[in-house]
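Per-entry structural report
Spelled out, the chains give:
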Amino acid sequence: MKKRKCVPKRTHFFMHKTAHVMKKVLFFILFGTVALGCKQNSDNMSHKHTNALIHETSPYLLQHAHNPVNWEAWHPDVLEKAQKEDKLLLISIGYAACHWCHVMEKECFEDETVAQVMNDNFINIKIDREERPDVDQIYMDAIQMISGQGGWPLNIVALPDGRPFWGATYVPKDNWIKSLEQLAELYKNDKQRVTEYATDLANGLQAINLVENNVDSELYSLEQLDSAVQNWTQYFDTFLGGHKRAPKFMMPNNWEFLLHYATTTNKPEIMEFVDTTLTRMAYGGVYDQVGGGFSRYAVDVKWHVPHFEKMLYDNGQLTSLYAKAYAVTKNDLYKGVVAETIAFVQEELLDKSGGFFSSLDADSLDGHGSLKEGAYYVWTKEQLINLLGNDFELFQAYFNINSYGHWEEQNYVLIRDKNDEEIANSFGIDIETLRKTIKKGLATLKNERNKRPRPRLDDKILTSWNGLMLKGLVDAYRYLENEAYLDLALKNAEFIERELIKEDGSLYRNHKNGTSTINAFLDDYATVIDAYFALYEVTFDEKWLKLSKNLLKYTKKHFFDNESGMFFYTSDQDQSLIRRTIEVDDNVISSSNSMMAINLYKFDKLFRGEGYGETSNQMLKNVQKDFDRRAQGFSNWLHLVLFNNKNFYEVAIIGDDYMDMAQQIGKEYLPNSILAGSKKNGNLDLLKNRKVPGKTLVYVCQEGACKLPVSTAKEALEQL
């Protein structure tokens, strides 16, 4: 099952205004639908063919290095070659953990007949969407304009200069050949008409990405926010959590904002919904009950059957979310999820360098030697009986080895629907005995599962995803006070500093085996800036604050668009394709512009007078008109509305015991605040001239104006 990406901002408006263009383009949608039930061939381990992808580092690209298709990676010289030869581009985009990408490779790209058609008529380019989200964004927008839907694999046919005119997701072999032959023939016989269609579509891609610099409006009010959230509640699944739909994505930025909103505005009904959602996700099959960590999404409404790929970006964000929820609720379930998720990431995704790998595949070999989605994770009843013995009956009730937990064939995905107290009472045992039995059973299953063929690992290291995981570790340390999480965070932070920050202050996007090849995008900067700032707040080591500020300065210089008042996704140092995207919608990962706006807001509190706050507010004004109709698509932006409408505090802690005092304050959930600290008067304005010999004092400030200092965490928290 493939994710359907939401139609981008302003797409509907554009399609309405230019329907005649879309009718022309739709003429070319020959076979753009998903066909299911196709045959998978076994892995071909012989290397009869080798193409240019053999020189790449991306595991996804290397998977295609021995296809008979003459694949190229996305490089400027490849586009130059296409224009010189006047040859159409066939651009195929996917990622290592993508199930249907593997299916299409087996059925089409490993087939020599298919390869002959592709090689004769096209310059064939394979792209790892996780390495090149800049290219993926544009072509995903294109296919949504063409067909109204999108997914991966994303296959695009474009003019030699990269302007698209046809697109499809998964296509079976026969239809793929037929489509490509017709498109090649069309370009040969009616190039002018194809070029006109591509030009119209390129103009549309520009139009849907325009952001106006809204200088006249007032900032969004708390009353408006209440109304927007109320509109959003109609989509809440108050029984099973999340939204009323399937598939269900975890959407950590949605629930993190609602946690912030519920606690800051005293909305118990919203907090109850957040609690329900986080509990149901933790109970569900989408959470790996045996090994920890979350899969990418659930295909059903009850969080039961996951799309089994496990992504670093999900687990980094969810670590942050559950740590913050634990700070609010002190719910041990949430604490356990944080601990188990970090343990999973450390065991499965941590490189010896301190960087984190990207993902585990959805597919693995089943008992018959065939690749199958979820084979590593599911159990039959007979397997569980044999492994658990006398404990099976309790385990069966706890994880629903019944019709509720049944998936397909004889397989079960472990899912909970009752808390520990309910299960313990029904069996007449105490909770401690229950938990020991379940823990023992899960350890048995993990030991058995480790004997199975493992899912493939995507061992490339992506900067932005490492930034999200680093922030998760910092939040876990802050709210759970486990020193091991800080040690792991520092190791990762030092890896980013050592391997991903260049001498000129810019970042790389990727890293593998000591090599980095791609310049970073805005989300890489935004996540690392945020993570380093958070790391400063728990260590008060100004090194991390300085690195964070230097990266912020770089983005202002090379990514900021004075005309729109927003940040481009790509740097002015990189080649532009069709447009320089401005990303504003919050999806499974918050938009790079919303993250940057929050970064700017926080930096303004420590470095007043440098214009950060003005830029942040202007960015908010530019997008806030969309909050009324679809708050959930801008949830990360909505933190700024709360920052601006509620008191926001700068907390300065100075004295010999500043670290202990900071931990006592920092472990409380205080989203509308930032922390600064020093043993003596510091370099920051907030820390200057505040040291009193023999005392550790806390100054609670707003806009640089501070209340009378206090000497205990309790007093400081009362002021907050």
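Residues numbered from 1 in each chain as written. Predicted model: local features only at pLDDT ≥ 70, side-chain atom pairs only at ≥ 80, totals over all residues. Heavy atoms only, no water.

Notes on the overall build of the protein chain
Note the following rule: By the criteria applied, helices consist of DSSP H or I runs no shorter than four residues and strands consist of E runs no shorter than two, each listed in order from the N terminus. Radius of gyration here uses only the C-alpha atoms, and the compact-globule reference equals 2.2 Å multiplied by the residue count raised to the power 0.38. Buried residues are those whose accessible area, probed at 1.4 Å on protein chains only, stays under 20% of the maximum for their type, while exposed residues exceed 50% and partly exposed ones sit between those limits. We call two residues contacting when some pair of their heavy atoms lies within 4.5 Å. Only the protein chains shown count as cover for residues, and the accessible areas themselves come from Shrake-Rupley with a 1.4 Å probe.
When its secondary structure is counted, the protein chain shows 27 helices and 23 strands. The C-alpha radius of gyration of the protein chain comes to 26 Å, within 12% of the 27 Å expected for a compact globule of 720 residues. Overall size of the protein chain, expressed as C-alpha extent along the three principal axes, is 85 × 70 × 50 Å. Per-residue burial for the protein chain yields a buried fraction of 59% across its 720 residues. Considering only residue pairs separated by 6 or more positions, the protein chain has 71% of its internal contacts joining residues 24 or more positions apart. Surface accessibility of the protein chain: about 28,100 Å² in total, with carbon and sulfur atoms responsible for 47%.

Considerations on the pairing of strand E5 (residues 164-168)
For clarity, the threshold we go by: The criterion for strand pairing is that DSSP finds at least two bridges linking the strands in question.
The buried fraction of E5 amounts to five of the five residues, a majority that puts the element mostly inside the structure. Across four bridges, strand E4 (residues 154-158) lies against E5 in antiparallel orientation. Counterpart to Asn155 in the pairing with E5 is Ala168. Where E4 folds back on E5, the antiparallel hairpin that results is connected by five residues, among which Gly162 adopts a positive phi of roughly 100°.

Comments concerning the side chain of Thr581
Note on placement: Thr581 falls in the loop between strand E19 (566-567) and helix H23 (592-606). Excluding its chain neighbours within four sequence positions, the residues that come into contact with Thr581 are Gln137, Ile138, Asn209, Phe567, Phe568 and Tyr569.

Observations concerning helix H6 (residues 112-121)
Rules: Pairs of N or O atoms within 3.5 Å make up the polar contacts considered here, provided that, within protein, one atom can donate a hydrogen while the other can accept it, and that residues adjacent in sequence are counted only when both atoms are side-chain atoms.
Along H6, the positions that sit buried rather than exposed are Val114, Ala115, Val117, Met118 and Asn119. Where H6 begins, the capping side chain belongs to Asp111, and its oxygen is found 2.9 Å from the backbone nitrogen of Thr113.

Quick word on the state of the cysteines
Defined as follows: Disulfide: a pair of cysteine sulfur atoms within 2.5 Å of each other.
This structure, assessed with the given rule, holds two disulfides. The disulfide that involves Cys98 links it to Cys101, with 2.3 Å between the sulfurs. Between Cys98 and Cys101 the disulfide shows an S-S torsion of about 80°. By sign, it is right-handed. Cys101 carries the same exposure label as Cys98, and that label is buried. Disulfide pairing is shown between Cys701 and Cys706; the S-S distance is 1.9 Å.

Some remarks on the nonpolar core
Condition: Buried Ala, Val, Leu, Ile, Met, Phe, Trp, Tyr and Cys residues that are joined via side-chain atoms within 4.5 Å together make up what is termed a nonpolar core.
Core analysis: the biggest nonpolar cluster contains 222 residues, and Tyr139, Trp176 and Trp637 have the highest contact counts within it. For this core, the element with the most residues is helix H21 (residues 522-539), which contributes 12 residues. Of all hydrophobic cores here, the second largest spans 18 residues; its members include Phe392, Tyr398, Ile401 and Leu442.

What to know about helix H14 (residues 332-348)
What counts is decided by this rule: Multiplying one less than the number of residues by 1.5 Å gives the expected span of a helix.
For H14, which comprises 17 residues, the first-to-last C-alpha distance of 24 Å matches the rise-based estimate of 24 Å (1.5 Å per residue) to within 8%. The backbone nitrogen of Leu333 has a side-chain oxygen 2.9 Å away, supplied by the residue at the start of H14, namely Asn331.

Examining the pattern of salt bridges
Stated formally: A carboxyl oxygen of Asp or Glu within 4 Å of a side-chain nitrogen of Lys or Arg is what we treat as a salt bridge.
Applying the stated rule across the entire model yields 44 salt bridges. A salt bridge links Glu309 to Arg296, with the nearest nitrogen and oxygen atoms 2.7 Å apart. You can see Glu309 sitting in the loop between strand E8 (306-307) and strand E9 (310-311) and its partner Arg296 sitting in the loop between helix H12 (268-283) and strand E7 (297-298), a full 13 residues away along the chain. Residue Arg296 is classed as buried on the basis of its relative accessible area, which comes to 5%. Glu703 is the salt-bridge partner of Arg608, the closest N and O atoms lying 2.6 Å from each other. Of the two residues, Arg608 is situated in the loop between H23 and helix H24 (612-623) and Glu703 in the loop between strand E22 (697-702) and strand E23 (705-706); the sequence distance between them amounts to 95 residues. Judged by relative accessible area, which is 40%, Arg608 ranks as partly exposed.

Concerning unusual backbone geometry
Of the consecutive residues Trp152 and Pro153, the connecting peptide bond is found in the cis state with omega at 5°. Within the secondary structure, Pro153 is located in the loop between helix H7 (133-147) and E4. The omega angle of the peptide bond from Ala246 to Pro247 is 0°, so this bond is cis rather than trans. Checked against the element boundaries, Pro247 lands in the loop between helix H10 (222-232) and strand E6 (248-249). Backbone geometry at Met251 places phi at a positive 50°, although glycine is not the residue there. For Met251, the location among the structural elements is in the loop between E6 and helix H11 (252-265).

Considerations on the sheet that holds E5
What counts, and what does not: To obtain an axis, a line is fitted to C-alpha atoms, over the contacting stretch when the element is a helix, and the angle between two such axes runs from 0 to 180 degrees between their N-to-C directions.
The strand order E1-E3-E2-E4-E5 describes an open sheet built from five strands, whose pairing is mixed. In this open sheet, the two strands that pair with only one neighbour each are strand E1 (71-72) and E5. Along the sheet, helix H8 (residues 173-189) contacts strand E2 (88-94), strand E3 (122-128), E4 and E5; its crossing angle with E2, the most-contacted strand, is approximately 145°.

Quick notes on the sheet that holds strand E20 (residues 649-654)
Strand order in the open sheet formed by four strands is E21-E20-E22-E23, and the pairing between neighbours is mixed. For this open sheet the edge positions go to strand E21 (673-678) and E23, each flanked by a neighbour on one side alone. Note: E20 against E21, six bridges, orientation parallel. Bridge pairing links Tyr649 to Ser673 in E21.

Quick word on the environment of Leu687
With respect to the helices and strands, the residue Leu687 is situated in the loop between E21 and E22. Judged by its relative accessible area of 0%, Leu687 is buried. Contacts of Leu687, omitting those with residues within four sequence positions, involve Tyr536, Ala652, Ile654, Ala676, Gly677, Ser678, Asn681 and Gly682.

What about the environment of Arg416?
When you line up the elements, Arg416 lands in the loop between strand E14 (411-412) and helix H17 (420-427). With 12 residues separating them along the chain, Arg416 and Tyr404 place their C-alpha atoms 9.4 Å apart. Here Arg416 is in contact with Tyr283, Gln289, Leu333, Tyr398, Phe399 and Asn400, once residues within four sequence places are set aside. There is a polar contact of 2.9 Å between the side chain of Arg416 and the side chain of Asp420.

Comments concerning the pairing of E22
Counting buried positions over the six residues of E22 gives five, a clear majority of the element. Summarising the sheet, E20 and E22 pair through five bridges and their orientation is antiparallel. For Ile654, the partnering residue across the bridge sits in E22 and is Leu697. In the sheet, E22 pairs with E23 via two bridges, with the strands oriented antiparallel. Counted as the bridge partner of Gln702 is Ala705 from E23.

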